[in-house]
Amino acid sequence: MIVAIDGPAASGKSTVAKTVARRLGYHYLDTGAMYRAIAALAIRREVDLHDADALAELAANEPVTFSYEAGDPVQSAVWVSGLDVTVAIRTPEVDAAVSLVARVPEVRTAMVAQQRRLAGGDNAVVEGRDIGTVVFPDAEMKLYLTASAEERARRRHYELSDAGHAVESSTVREGLDRRDAVDSQREASPLAVADDAIKLDTTGMSIEEVAQRVVELVRGVR
Ligand code: DC
């Protein structure tokens, strides 16, 4: 069974998806980490982020892989081109670059093929922006998580500060707004709610409350 979890940046998707995967014993696939890995590699190789062909070539030739600790469905590391990019993909620099990478149709084609290979045919919680609409349109459970813009900015600011990046909250809010705009307005599989997705507004809810609700929903259909 595939549990597809989509939604905008900092809507709580990742934490909820990881918690749910661990609780159900399902695989977990963080598709945003894959776009981030290509963005980190592009920055490292000084590829022009507006050069769609160069980004497409990178995505087609450099598969993104995950490694795991025994018994944990959540990845412990993210790899691309022999590099451990686990930390590099969570920097403000990659935050700013990744939507430019994710809007290139050929990059998306390469990522979607890898995502289907990594999670298809198994019990998995897959999170991203186009999981219920494009990657796994037949997923048995589709969720779309949202939260108010203020709450999302607060959560992302906390995450960045926690990782040691000193950024102003107004800068975080602007960055999120910019990224959401690119992600929702791009031509290639924009962020959208699947017709058959259950929408959950997580504003004011704890991670535990959201995770519990999702686990109940999944148990209800399997
Ligand atoms: O979920 P995240 O913040 O790690 O996602 C990083 C970027 O990748 C974000 O700009 C949206 C994009 N993305 C996408 O276009 N499609 C996905 N399935 C997952 C992420």
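See above for the structure.
As a starting point, this report considers the structure included with it. As the structure is a computational prediction, the values presented were derived from the model and not from experiment.

A few points about the side chain of Gln 115
Move 1: Structurally, the position occupied by Gln 115 is in helix 5 (residues 105-119).
Move 2: Apart from the residues within four sequence positions on either side, Gln 115 is in contact with Leu 29, Thr 31, Met 34, Tyr 35, Gly 120, Val 135 and Phe 136.

Remarks on unusual backbone geometry
Move 1: Even without being a glycine, Glu 46 presents a positive backbone phi close to 60 degrees.
Move 2: When its relative accessible area of 72% is taken as the criterion, Glu 46 is described as exposed.

What about helix 7 (residues 149-162)?
Move 1: For helix 7, spanning 14 residues, the distance from its first C-alpha to its last is 20 Å, which sits close to the expected 20 Å at 1.5 Å a residue.
Move 2: Along helix 7, the residues that are buried comprise Glu 151, Arg 152, Ala 153, Arg 155, Arg 156 and Leu 160.
Move 3: Along its buried surface, helix 7 packs onto helix 2 (31-44), helix 4 (92-102) and helix 8 (169-185).
Move 4: Gly 164 sits one or two positions beyond helix 7 and adopts a positive phi of about 90 degrees.

Digging into the site of the ligand
Move 1: Near the ligand you find 17 residues, and of these Arg 36, Arg 108, Arg 129, Asp 130 and Arg 186 are the closest.
Move 2: One nitrogen or oxygen atom from the side chain of Arg 36 is found 2.7 Å from an oxygen atom belonging to the ligand.
Move 3: At a separation of 3.2 Å, an oxygen atom of the ligand approaches a polar side-chain atom of Arg 179.
Move 4: Computed on the free molecule, the ligand has an accessible area of 450 Å², of which 98% lies beneath the protein chains in the complex.

With respect to the sheet that holds strand 6 (residues 124-128)
Think of a sheet as strands paired side by side through backbone hydrogen bonds, with each pair either parallel or antiparallel.
Move 1: Across the sheet, which stays open at both edges, the five strands sit in the order 2-6-1-7-8 with parallel pairing between neighbours. Two strands bound the open sheet, and with one partner strand each, they are strand 2 (27-30) and strand 8 (198-201). Each strand axis lies, on average, 20 degrees off the axis of its neighbour in the sheet, ignoring direction.
Move 2: In this sheet, strand 6 lies alongside strand 1 (residues 2-6) in parallel orientation, the contact comprising five bridges. Its bridge partner lying in strand 6, Val 3 is registered against Val 125.

Here's the deal with the sheet that holds strand 5 (residues 83-84)
Move 1: The strand order across the open sheet formed by three strands is 3-4-5, and the pairing between neighbours is antiparallel. Strand pairing shows two members of the sheet lacking a second neighbour, strand 3 (64-68) and strand 5, which therefore form its edges.
Move 2: Sheet topology note: the strand 3/strand 4 (residues 75-80) ladder contains five bridges and is antiparallel. For Val 64, the partnering residue across the bridge sits in strand 4 and is Val 80.

Focus: the pairing of strand 1
Move 1: Among the five residues that make up strand 1, five are buried, leaving the element largely enclosed by the rest of the structure.
Move 2: Burial of strand 1 is two-sided: the residues Ile 2, Ala 4 and Asp 6 facing one way and the residues Val 3 and Ile 5 facing the other way are all buried.

Considerations on the nonpolar core
Move 1: Of all hydrophobic cores here, the largest spans 38 residues; its most connected members are Ile 38, Val 78, Val 107, Val 126 and Phe 136.
Move 2: With nine residues, helix 2 is the single largest residue contributor to this core.
Move 3: Sequence-distant contacts of Val 107, that is, excluding residues within four places in its chain, are made with Tyr 35, Leu 55, Ala 56, Ala 59 and Val 101.
Move 4: Of all hydrophobic cores here, the second largest spans 22 residues; its members include Val 3, Ala 211, Val 214 and Val 215.

What counts, and at which threshold
- Residues numbered from 1 in each chain as written.
- Predicted model: local features only at pLDDT ≥ 70, side-chain atom pairs only at ≥ 80, totals over all residues.
- Heavy atoms only, no water.
- Helix = DSSP H or I, 4+ residues; strand = E, 2+ residues; numbered from the N terminus.
- Contact = heavy atoms within 4.5 Å.
- Buried < 20%, exposed > 50% of the residue type's maximum accessible area, 1.4 Å probe, protein only.
- Expected span 1.5 Å × (residues − 1).
- Near = heavy atom within 4 Å.
- Polar contact = N/O pair within 3.5 Å; in protein donor to acceptor, adjacent residues only side chain to side chain.
- Areas by Shrake-Rupley, 256 points an atom, 1.4 Å probe, with all protein chains shown as cover.
- Pairing = 2+ DSSP bridges.
- Axes fitted to C-alpha atoms, helices over the stretch in contact; angles between N-to-C directions.
- Core = buried A, V, L, I, M, F, W, Y, C linked by side-chain atoms within 4.5 Å.

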